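Structural characterization, general
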Amino acid sequence: EIFKMRLLTHNYMQSTVKGTENGYPLQIEADKIEYEESPFDPDFVIALIPKIEYKTILFAVQQIAERCSTDLPSEIQLPDLPETIEKDDNSEYDKELLKKLHVVLLDIHVVQGHLVCPGTGRRFKITQGIPNMILHEDEI
Amino acid sequence: HVHLDFQRPELESVLSLHDIKIGTDCLDIPLPRHDSEYPHKRPFLILSFDYDYAKRKFNLCDEDEVLSDDISRLSIIDKNRPTVASVLSRVTLIRSALELFGVGISIDTCATDVGMLWKGIAGKEILSRCMEETSSWSIQIHTLGTKYKREEQNEMRDRFAFLNFPGPVKIKDPTNEFLLIREVELDEKGTPLYPRYPTKDILNEENDSRPPLGVYFGRILGGIRDWRGNNRLERLSLKKRSYLGPTSMDAELSLIMTNLGKVQKNSFCFEPFVGTGSILLTCGLRGGYCCGADLDIRVLRGRNENENIISNFQQFNLVRPDLVRSDNSLYSRHYLTDKPMYDAIITDPPYGIRAGARKSGSKLEHPRPVSEDQRHDHIAQTQVYHVSDVMADLLNVAARNLVIGGRLVYIIPSMTDFDAKTDLPRHDCLKLVNVCYQPLQVELGRRVVTMEKVVEYDPLQKDKYLSSVWVNGQQSAEKCARIRERLMEAVKLKPGYEEKARYRKQKRVETREAKKRAKREAKGIISLNTNATGSD
């Protein structure tokens, strides 16, 4: 597949179809998942941490867990993430945690499926890896 | 040179990546004869650093190291101890840099100035770095196109023989390459205004006796005389990208824009009108993490599996960018906006000149509701997206979603009657860093605008922000919005327009008639106009 959607992208997307305040986080109906490795850069992951909603990461992982068990290659496991992210006594993040975050945010891709608005159930299609968030004229 | 206006801003932006500010951390020294009547911009700049500062800031011992030709090094700035060359070579519009030993208004005064170098502590250190017996050397001469015979050139070299470099002379790739520049006046095309040999082999005595504008002598930094061949366009082969479209940004301009935007390794870059992704690709080449959005799904998908944004990134071995189909006029409806995400937003927004601007929604006040079973296959309606709104929304999205210190760099087409002070869109949270003008045609040019976020965004003031985007209110917005019509009007005023329009119309009529005839003949109907001779 040429185009793929990362969980990092899902992390800051929402739906505000007219008539709902509850548009975040979007539910994920994953029909097809792919794993694509990218170079691990701890500095980049550390820079991402203040920008992401960690609870949404945990939620997203839950949403795709089942599809991952069928679609991910056998050597790749969906990482086990802690309830919260914290720095250690040296005021640093644990390197293993950073690696897990890297895999979850950047290397696991939803190729086909839908993002679903929690408030209205409106489904935004992910076609060939590109999420289509365009609102219809009666939703604006 | 098309990008004259961009040189200084691009240099300043790249220097600020290293916390270097001209005027504070270094000084811009006037060139020799800077007060002469010569009208054109000169191609040299002298920056003077306090020597102790330079030793702390730069790795001065490795300045002869040849700049890497590894593409990925474009994105790596060793901030801890860069060489001067590694800092400056990132600037697209700089061809090379010299460690300047001396300068003067003639070869003699320059040589005298170089001789003074021995007298200071700093000068002694600088010279002793060139005095290894194993270091080969040569002196190149750059005369800006003025012709000098070999003997004359050697005479010039001899004036600097007192330096007494101990190592062997080596013409090609020496350890230390020294450069003697004899600057003369040039015309707009870059050829000498007062050539010594205007006619072949006949010396023009008057021109020959003219003094130079300046003479400079120094050591080439980065091991290469002209950086343009190295980690630049030619090597990058940006022009050979697999996916290009009619609006793809010319490669040099996008390299400059990413410098103006201070894109570096791990910069979070966003392009709200990504199109074919040419600017986004350059962000990726500079090590940025790239996200692109566009309303048009066809352009996001690309032409086919080998010609699309992703294949362009793959061609350069870059991590894939994130792509979303979304509408920038509704940015805050698609994305969370409570935490500023982006370090850089660099884009060429649609103006409706070559690519019509559209946004979601219907022009009807109350569009027909879409029933739930139709929802899935419904194709969203779009409406005209006025340029003035494109710009207002862009600034607001940038103000809200850039981190403090993050940069917005965008292009705005403008006619020559554009006043950058009053006609540019503005925002309370963004400060204008620079505006660079690039002329394209007689009436039309484009301006590359760089803004920086300096104040945090207050969502409660959204309406106030949007209503104060245009200083002269509708007037400035209109100037922007009507560019397409004004271009058409300007074209009609061109000489020969009427004739060409008539010719084109005639051609269209002829083509139509030919098609009709072909259709009729295919159906077996005999044309009554045929000049038939003989019997049928």
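Scroll up a little and you will see the structure.
Just so we're clear, the structure is a prediction, and the values are computed from it rather than from any experiment.

With that out of the way, let us pick up the overall build of chain A. In terms of helices and strands, chain A carries four helices and five strands. Each helix and strand of chain A, ordered N terminal to C terminal, gives the series β-α-β-α-α-α-β-β-β. What you see for chain A is a C-alpha radius of gyration of 16 Å, in line with the 14 Å of a compact globule of 140 residues. Counting only residues that meet the buried cut, chain A has 54% of its 140 residues in that class. Taking the contacts inside chain A whose residues are at least 6 apart along the sequence as the reference set, 74% of them involve residues at least 24 apart. Total accessible area on chain A stands at roughly 6,500 Å², and carbon and sulfur atoms take up 44% of it. Distance between charge centroids for chain A: 4 Å, based on 14 positive and 25 negative side chains.

Glancing now at the nonpolar core. When a protein is soluble and globular, its nonpolar side chains tend to lie buried together. Residues and elements named next belong to chain B. Formed by 113 residues in total, the largest nonpolar core has its most connected members in Met391, Leu408 and Tyr410. Counting residues per element, this core draws most heavily on helix H15 (residues 387–401), at nine residues. If near-sequence neighbours (up to four positions away) are discounted, Met391 is found in contact with Pro349, Tyr351, Tyr410, Ile412, Pro425, Trp470 and Cys480. In terms of nonpolar packing, the next biggest core, distinct from the first, is built from 44 residues, Tyr53, Val87, Val91 and Ile141 among them.

Here B:Ile202 lies in the loop between strand S5 (176–183) and helix H7 (205–208). Setting aside anything within four residues of it in sequence, one finds B:Ile202 in contact with B:Arg196 and B:Tyr197.

Turning our attention to the side chain of B:Asn207. Residues and elements named next belong to chain B. With respect to the secondary-structure elements, Asn207 resides in helix H7. Of the residues examined, Asn207 reaches a relative accessible area of 13% and is grouped as buried. Those residues in contact with Asn207, other than ones at most four positions away along the chain, are Tyr194 and Pro195.

About the cut-offs
- Residues numbered from 1 in each chain as written.
- Chains lettered and ligands numbered in written order.
- Predicted model: local features only at pLDDT ≥ 70, side-chain atom pairs only at ≥ 80, totals over all residues.
- Heavy atoms only, no water.
- Helix = DSSP H or I, 4+ residues; strand = E, 2+ residues; numbered from the N terminus.
- Rg over C-alpha atoms; globule rule 2.2 N^0.38 Å.
- Buried < 20%, exposed > 50% of the residue type's maximum accessible area, 1.4 Å probe, protein only.
- Contact = heavy atoms within 4.5 Å.
- Areas by Shrake-Rupley, 256 points an atom, 1.4 Å probe, with all protein chains shown as cover.
- Lys, Arg positive; Asp, Glu negative; His and termini not counted.
- Charge placed at Lys NZ, Arg CZ, Asp CG, Glu CD.
- Core = buried A, V, L, I, M, F, W, Y, C linked by side-chain atoms within 4.5 Å.

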